[in-house]
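# Observations on the model geometry
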Amino acid sequence: MLFIGCIQSCSTEESLLENNATIKTVTKEEAILFLKKHETTVSISSKNATLAFDFNKITQENLTNTSELLTVVPVINKAKNQRTRALLLKVENSIETILYREYADVSSTKNNFTGVILMTKLNGDFIRAYRLKNNEYDIELAPAKGNKAAKNIIASSNETVDGGELQEVVIAPKKKRNTSKQVYLTLMPSGSSNTTEEGNYVFIWESMGGGDGSAETETEEEDEQIDTTELKGKEKCLNDLLTKQDNPFVKKLLANFQGDGSKFDIKIISKDKVTNKDEDGKLVEVNGKTIFTNGSNIITIEINTNRINSHSSLDAVRTILHEYVHADIFRKLNSITNEVVNDSTDFKQIFEKYGNHHSTIAALYIQSMKEVLKEFHKTKLPNCYNGYKNYFDEEPSDDFYEAIAWNGLKEKNVKAWANLTQEEKTKIETLAKRDNLLIKASPCLN
């Protein structure tokens, strides 16, 4: 199989459905092992350069017409106007890769990309290139030293990128074109020389959806107001995966602490041991703690490294998410203009009804946390998810994820927990114990 980037029509995408069994997600562990042992010295502008992959920022992103995911590995690049990612997908048990490069013009902005897209194999061999203006397809590009495809007509102006000099070409007949957000990727059957859509598998990849790497623009860096510089190890890995997730609840939750409109910043740090007073006033070790001092605009989250390492990755994500929710409650309670809930009641009134943070989380956030854990488990922790299925011989249920969401909230002063029947509490506690059998190792390998 050859994994190539190509202009395609959506009308042929249905052909993939019958052959879906041949397409598989490349796990993060497989991607890391493959890229580490693969020859990573490529020819760039007649010079040898070694690719450095950021394995801590691997994402797995959706494709059309298949439930399998595209594994995206950022390439470390200090140039602010460049972003490179390795794309991996398994075809008939063979890992296929492509390097996807973006070269932004000076006029390019965060929301409107103008520049060149270049696709190559890992060894630097040319696959495809084209130019975009304000997110829209503008013109196809080809290597300046010659283009053997008879359908490509060489135009006059040139582009110069790391791959060398490219010339504009006109493709006929015209078909549906790429944008900066949607890239048409084609899988071509082994032994086929066919470069049209017939007989090939067409996917659409939302290229702006993640795997940002280090080539973020200066504006994007300034917008970020969640400080993770003191976060490390397993919790950093999981936090990075969580904050890159497209789940609506997570995006909305974290957006409250990003951009110029945010009144509060989050500082999330790792500590060898974190303690807090329990409901009886006794000092005990806890998984995490969120701290806010009146008059400050910094909300600090402390994550207990020892506890995180001894817990499953799924429950560790629950801990991080739990602390972000605490931070959001602090933000809402201390905002000058209070937020409105249900179009009529402000959050402070709702909070007073429940009386404390954990009662509020149990009443208002459990269902959202359940959905996040469910999505994260399947898409970000596939080995853990499949291990659960193999061991229990069933898919993880919504009740299981809700039981995990209850961790840290099963206290006598939490109204929602106190109001449950003993039968309901026993069911939750029994399902939550399954978490002890899940994978504890970090999904990010060093």
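Residues numbered from 1 in each chain as written. Predicted model: local features only at pLDDT ≥ 70, side-chain atom pairs only at ≥ 80, totals over all residues. Heavy atoms only, no water.

Despite not being glycine, Asn134 has its phi angle at roughly 50°, a positive value. Its identity is not glycine, yet Asn135 carries a phi of approximately 80°, on the positive side. Here Asn135 is to be found in the loop between strand S10 (126-133) and strand S11 (136-143). For Asn135, a relative accessible area of 12% puts it in the buried group. (Helix = DSSP H or I, 4+ residues; strand = E, 2+ residues; numbered from the N terminus. Buried < 20%, exposed > 50% of the residue type's maximum accessible area, 1.4 Å probe, protein only.)

On to the state of the cysteines, then. Evaluated as defined, the whole model comprises one disulfide. Disulfide pairing places Cys237 opposite Cys444 at an S-S distance of 2.1 Å. Taking the torsion about the S-S bond as the criterion, the Cys237 to Cys444 disulfide, at about 75°, is right-handed. In this pair, Cys237 sits in helix H3 (residues 233-243) while Cys444 sits in the segment after helix H13 (422-432), placing the two residues 207 residues apart along the sequence. (Disulfide = S-S within 2.5 Å.)

All chains considered together, the criterion is met by nine aromatic pairs. On the numbers, 6.3 Å between centres and 65° between planes, the contact of Phe249 with Tyr365 is edge-to-face. One end of the pair, Phe249, is in helix H4 (residues 248-255); the other, Tyr365, is in the loop between helix H8 (357-364) and helix H9 (366-380), and 116 residues separate them in sequence. By the burial criterion, Phe249 is buried, and Tyr365 matches it. Look at Tyr388 and Phe400: their rings are 4.8 Å apart centre to centre, the planes differ by 50°, and that puts the pair in the tilted class. Of the two residues, Tyr388 sits in helix H10 (residues 382-392) while Phe400 sits in helix H11 (residues 398-405), which places them twelve residues apart along the sequence. Here a set of aromatic residues connected by ring pairs shows up, and it is made of Tyr388, Tyr391, Phe392, Phe400 and Tyr401. (Phe/Tyr/Trp six-rings, centres within 6.5 Å; stacked < 30°, edge-to-face > 60°.)

Tracing the chain through its elements places Lys380 in helix H9. One buried charged residue, Lys380, forms no salt bridge at all, with the nearest opposite charge on Glu61 at 6.7 Å. Look past the residues within four positions of Lys380 in its chain and what remains in contact with it is Lys28, Thr59, Gln60, Leu241, Gln245 and Glu375. (Lys, Arg positive; Asp, Glu negative; His and termini not counted. Salt bridge = Lys/Arg side-chain N within 4 Å of Asp/Glu carboxyl O. Contact = heavy atoms within 4.5 Å.)

Here we come to the packing of H11 against H13. One can describe the packing of H11 onto H13 by two numbers: an axis separation of 8 Å at closest approach and a directional angle of 90°. Taken as axis vectors, H11 and H13 run roughly perpendicular relative to one another. Listed contacts from H13 to Asp399, Phe400, Ala403 and Ile404 of H11 are Lys427, Ile428, Leu431 and Ala432. Of the residues in the contact of H11 with H13, the class split is six nonpolar, no polar and two charged. (Axes fitted to C-alpha atoms, helices over the stretch in contact; angles between N-to-C directions. Parallel < 35°, antiparallel > 145°, perpendicular 65-115°, else oblique. Nonpolar A, V, L, I, M, F, W, Y, C, P; charged D, E, K, R; others polar.)

Turning our eyes to something else, we now look at the pattern of salt bridges. Any two side chains of opposite charge can pair, on the condition that their charged atoms come close. Throughout the structure, instances matching the rule amount to 18 salt bridges. Glu30 is the salt-bridge partner of Lys90, the closest N and O atoms lying 2.8 Å from each other. Of this pair, Lys90 sits in strand S7 (residues 82-91) while Glu30 sits in helix H1 (residues 28-37), and the two are 60 residues apart along the sequence. Residue Glu30 is classed as partly exposed on the basis of its relative accessible area, which comes to 27%. Of the charged contacts, one joins Arg318 and Asp315 as a salt bridge, the two residues approaching to 3.3 Å between their closest N and O atoms. Of the two residues, Arg318 and Asp315 are both situated in helix H6 (residues 313-333); the distance of three residues between them amounts to about one turn of the helix. Salt bridges here are not isolated pairs; linked through shared partners, they connect Arg83, Arg85 and Glu102.

By themselves, these figures tell us nothing about what the structure is for.
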